[in-house]
Amino acid sequence: MNNTLETDVLIIGGGPGGAAAAMFLLRQGITPVILEGEDFPRFHIGESLTGESAQVLRRLGLEDEMVRREYPIKHGVKVYGSTAVNSWYVKVSSRDADWNLYDNITWQVRRSDFDEMMQKEAIKRGAKLMKGTATKAMREEDGAVTGVQVRWPDGSHGEIRAKVTLDCSGQATFLANQKVTGPKYVGSYDKQVAFFTHVKGAIRDTGTSGPDAKDNTLILYHHKFHWAWFIPVDKETVSVGMVTPRADFLAKKQTPEEFFRSDIYSINPELKRRLPTLEFSEKVHVVPNYSYQVRGFTGKGFICIGDSHRFIDPIFSFGVTVTMREAELAAPLIRSFLDGKLDDHENPFREHEIACEKGIDNLEDMIDLFWEQPFAFATFVHSRYTEEMTDAFAGRIYESEHQPSNAIMAFRKLLKRTRTYDDDIYSVPIGSRYHPERAPLWEPESPVETTEAWIKKGSGVEKNGEAVHAS
Amino acid sequence: MDHIPPKLKEYLDTARAPLPPVSDPDEPLQIDSLGLIRLVAFLESDLGIRIEDEELLAENFATLRSLGDLLEKKKASAT
Ligand SMILES: Cc1cc2nc3c(=O)[nH]c(=O)nc-3n(C[C@H](O)[C@H](O)[C@H](O)COP(=O)(O)OP(=O)(O)OC[C@H]3O[C@@H](n4cnc5c(N)ncnc54)[C@H](O)[C@@H]3O)c2cc1C
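Remember, it's a predicted structure, so these values are computed and weren't measured experimentally. (Residues numbered from 1 in each chain as written. Chains lettered and ligands numbered in written order. Predicted model: local features only at pLDDT ≥ 70, side-chain atom pairs only at ≥ 80, totals over all residues. Heavy atoms only, no water.)

Draft legend 1. View of the confidence of the model for chain A. Residues and elements named next belong to chain A. Chain-level pLDDT for chain A is 90 on average; 91% of the residues reach the 70-or-more range. Within the model, the stretch residues 436-440 combines pLDDT values under 50 with 20 contacts to residues more than four positions away or in other chains. Note that pLDDT drops below 50 for residues 458-471; the model gives that stretch 21 contacts with residues more than four away or on any other chain. (pLDDT = per-residue confidence, 0-100. Contact = heavy atoms within 4.5 Å.)

Right under this line is the structure:
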């Protein structure tokens, strides 16, 4: 293949973000092309869905399909303290049209199965899937993205030209690595590594609803930044993962599986109780659990969605929600853009970018407070801001008339943090300011090419005074 | 410890059980986070002392001295 293909909208990556984007675009009468480099089904992490993820799936008309696949039902999240004597629980909830709270359920999924379902559904509804890897962004002189160069599976090369390119490439952060966006900054949570696998024969609770429902997501706290998850993904299998300081792993000089087996029981007594044997049905995967944030992630001809522009810390399972919600928010704007209704000044998608930024900033404040001030956090959940915390856990973070909620304003007070949205798109984001010395990853003269290269180097790049103080 | 009312001292000693009553103002109270949530509820409803969001820092509740300092500061700013 060496052809040049033209389309209105090109979606790079056919994960949940790309598939949701395709389905929402189809509803706007746009038939997108999805370019995906991998053969599906493929293993992926990110198995616990929030209440808002379920709402997106319902809006996409996929509830029956989720039920048919018998994905384990999540009524809420239970968080165990380090001695497992205490725990707190947040139920899954939704809001009705009048913003009244009601109990709801969501699911936990085996991602290989869920992602394939999403992709097939997008194709069934009319999206065109092309197997191939985006290798280079094509641009006009003014910087506008006009599509990508592609390497097809047979090794040949081609081009896909598009009026709008959606980057749904996940942690590959395609457009950021192509330096189409603003800088990609390293965030606060970059010293941990996640190890995870699927375990058979784990002990679940026995209830049918509430804190003791049998398939809830469990989070087990050990120390600051050191924790584990327990997420049922089908009737027999539970996803178990632990996030540990990178230094612990390096010191032990073990294989990931040896390390997992030797450390998992010491994370939390409750986890030990629930895992009488360690029979794995999946290899032990390892992901460096670093966080990053891409500035200027929309522009002429492009929008980055989900992990392709930001990843904070997976503790509260927000990833799939964020990527699908951003896809949902972007679709009508892309329609307006194609219809020539967005003033095509500097960046037609700037407002969308700020709306997404504000949403994830709410999550970042929540996660930071959890790690920095667990007692205040537990008090908020338990008594002071129970409803607002339920919203935050459900991932209701984009509803600008209700957010930032009083709880989030309280997080900011405790973190001594204010947020403004009028600074320039290249400034160091708050999530990177704890570590200004490692912030300027992506600067025109940066000695470091990519985040991955930076992580390998370990200590980081030299201070860039200008970027550090630009706040 | 002047700012610790007797009722609060009593509450803390009970909350800490089976640990012995606190005698040293700088000894860690060793109340876990759910215990702290109950302590805040006690301060607010039984003693009528409102704890602001930004005062919900574990270090304010770590020892008798830090708790006393917090109450003193609150009293000072109230008058
Ligand atoms: C340890 C850990 C635990 C997590 N736990 C949760 C959780 O419990 N719940 C949750 O919701 N989220 C969780 N997440 C986050 C979640 O994995 C992601 O947020 C989510 O998968 C993002 O979806 P996406 O569609 O944006 O990207 P992805 O699912 O990563 O999909 C990107 C796709 O793009 C393709 N691609 C990449 N580059 C190219 C290219 N150049 N050309 C063509 N195709 C390309 C890839 O092959 C891939 O299929 C977790 C993450 C980590 C690291």
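Draft legend 2. How the structure looks around the interface of chain A and chain B. If you look at the interface, chain A gives 15 residues, while chain B gives 17 residues. Counting the surface lost from both chain A and chain B, the interface buries some 1,400 Å², and carbon and sulfur atoms represent 62% of this. Linking chain A to chain B there are three salt bridges. Two residues, Glu54 of chain B and Lys413 of chain A, come together in a salt bridge whose shortest N-O distance is 3.8 Å. Here chain A is connected to chain B by four residue pairs in polar contact (both at pLDDT 80 or more). (Buried area = accessible area lost by both parts, 1.4 Å probe. Salt bridge = Lys/Arg side-chain N within 4 Å of Asp/Glu carboxyl O. Polar contact = N/O pair within 3.5 Å; in protein donor to acceptor, adjacent residues only side chain to side chain.)

Draft legend 3. View of the sheet that holds strand E13 (residues 184-186) of chain A. Across the sheet, three strands lie side by side as E13-E20-E23 (chain A); this open sheet has antiparallel pairing. Of all strands in the sheet, those bounded by a partner on one side alone are E13 and strand E23 (310-311) of chain A. (Pairing = 2+ DSSP bridges. Helix = DSSP H or I, 4+ residues; strand = E, 2+ residues; numbered from the N terminus.)

Draft legend 4. Region of interest: the pairing of strand E15 (residues 217-223) of chain A. All names here are of chain A. Within E15, six of the seven residues are buried, leaving the element largely enclosed by the surrounding structure. Relative to E15, strand E4 (residues 76-80) runs parallel, the two sharing four bridges. If you follow Lys78 over to E15, its bridge partner there is Leu218. For E15 and strand E16 (residues 226-232), the ladder comprises five bridges, and the chain directions are antiparallel. Directly across from Tyr221, in E16, lies its bridge partner Trp227. Hairpin connection from E15 to E16: two residues lie between these consecutive antiparallel strands, with Phe225 at a positive phi of about 65°. (Buried < 20%, exposed > 50% of the residue type's maximum accessible area, 1.4 Å probe, protein only.)

Draft legend 5. Looking closely at the packing of aromatic side chains. Residues and elements named next belong to chain A. Throughout the structure, instances matching the rule amount to 29 aromatic pairs over all chains. Geometrically, the ring pair formed by Trp88 and Phe377 is tilted, given 5.6 Å between the ring centres and 45° between the ring planes. Taken together, the positions of Trp88 in strand E5 (residues 87-91) and Phe377 in helix H11 (residues 374-384) put the pair 289 residues apart, joining distant regions of the chain. No difference in accessibility class separates Trp88 from Phe377, as the two residues are buried. The interplanar angle of 25° and the centroid separation of 6.3 Å between the aromatic rings of Phe377 and Phe411 together place this pair among those described as stacked. Of the two residues, Phe377 is situated in helix H11 and Phe411 in helix H13 (residues 406-414); the sequence distance between them amounts to 34 residues. (Phe/Tyr/Trp six-rings, centres within 6.5 Å; stacked < 30°, edge-to-face > 60°.)

Draft legend 6. Structural detail: the pattern of salt bridges. All names here are of chain A. Taken as a whole, this structure holds 54 salt bridges over all chains when the rule is applied. Notably, a salt bridge pairs Arg274 with Asp205, separated by 2.9 Å at the nearest N-O pair. Of this pair, Arg274 sits in helix H8 (residues 269-274) while Asp205 sits in the loop between strand E14 (192-200) and E15; the two residues are 69 residues apart in sequence, bridging distant segments of the chain. When sorted by exposure, Arg274 lands in the same class as Asp205, which is buried. The salt bridge involving Glu372 is made with Lys224; its shortest N-O contact spans 3.3 Å. Of this pair, Glu372 sits in helix H10 (residues 350-372) while Lys224 sits in the loop between E15 and E16; the two residues are 148 residues apart in sequence, bridging distant segments of the chain. Glu372 sits in the partly exposed class, given a relative accessible area of 34%. Given the relative accessible area of 39%, Lys224 is considered partly exposed.

Draft legend 7. Structural detail: the site of the ligand. All names here are of chain A. Surveying the vicinity of the ligand reveals 34 residues, the closest of which are Glu36, His44, Ile45, Ser48 and Val320. One nitrogen or oxygen atom from the side chain of Arg42 is found 3.0 Å from an oxygen atom belonging to the ligand. Listing elements by their share of the shell around the ligand, those giving two or more residues are helix H1 (16-27), strand E2 (33-36), strand E10 (133-139) and helix H9 (319-338). Top element by residues in the shell around the ligand is H9. It accounts for three residues. (Near = heavy atom within 4 Å.)

Draft legend 8. Region of the structure containing the packing of helix H1 (residues 6-16) of chain B against helix H2 (residues 33-45) of chain B. Residues and elements named next belong to chain B. One can describe the packing of H1 onto H2 by two numbers: an axis separation of 11 Å at closest approach and a directional angle of 160°. As judged from the angle between their axes, H1 and H2 are roughly antiparallel. Regarding H1 and H2, the two cross each other, and that crossing is right-handed. Contacts from Lys7, Leu8, Tyr11 and Leu12 in H1 reach Arg38, Leu39, Phe42 and Leu43 in H2. Of the residues belonging to the contact of H1 with H2, the class tally is six nonpolar, no polar and two charged. (Axes fitted to C-alpha atoms, helices over the stretch in contact; angles between N-to-C directions. Parallel < 35°, antiparallel > 145°, perpendicular 65-115°, else oblique. Left-handed = near helix turned anticlockwise from the far one by under 90°. Nonpolar A, V, L, I, M, F, W, Y, C, P; charged D, E, K, R; others polar.)

Draft legend 9. A look at empty space enclosed by the protein. All names here are of chain A. Under the criterion given, the structure shown has three cavities of 30 Å³ or more. If you add up the space inside the largest cavity, you get close to 100 Å³. Around the largest cavity, the lining comprises 15 residues; the ones closest to its centre are Lys74, Val77, Val92, Phe393 and Ala394. Of all elements in the fold, only E5 and helix H12 (386-394) reach the threshold of two or more residues within the lining of the largest cavity. (1 Å grid on protein atoms, 1.4 Å probe; cavity = no way out; pocket = protein on both sides within 12 Å on 5 of 7 lines; lining within 4 Å. Points joined across faces, edges and corners; volume = space filled by probe spheres on them.)

Draft legend 10. View of the nonpolar core. Counting 65 residues, the largest nonpolar core has Phe316 and Phe377 of chain A together with Phe61 of chain B as the members making the most contacts within it. Counting the residues that make up this core, at least three belong to each of domain 1 (4-60 + 111-187 + 291-438) and domain 2 (73-103 + 188-290 + 451-471) of chain A. For Phe316 of chain A, the contacting residues outside a window of four places in its chain are Thr50, Ile219, Met366, Ile367, Phe370, Phe377 and Phe393 of chain A. Residues Ala20, Met23, Phe114 and Met118 of chain A belong to the second largest nonpolar core, which totals 40 residues. (Core = buried A, V, L, I, M, F, W, Y, C linked by side-chain atoms within 4.5 Å. Domains from an automatic or database assignment.)

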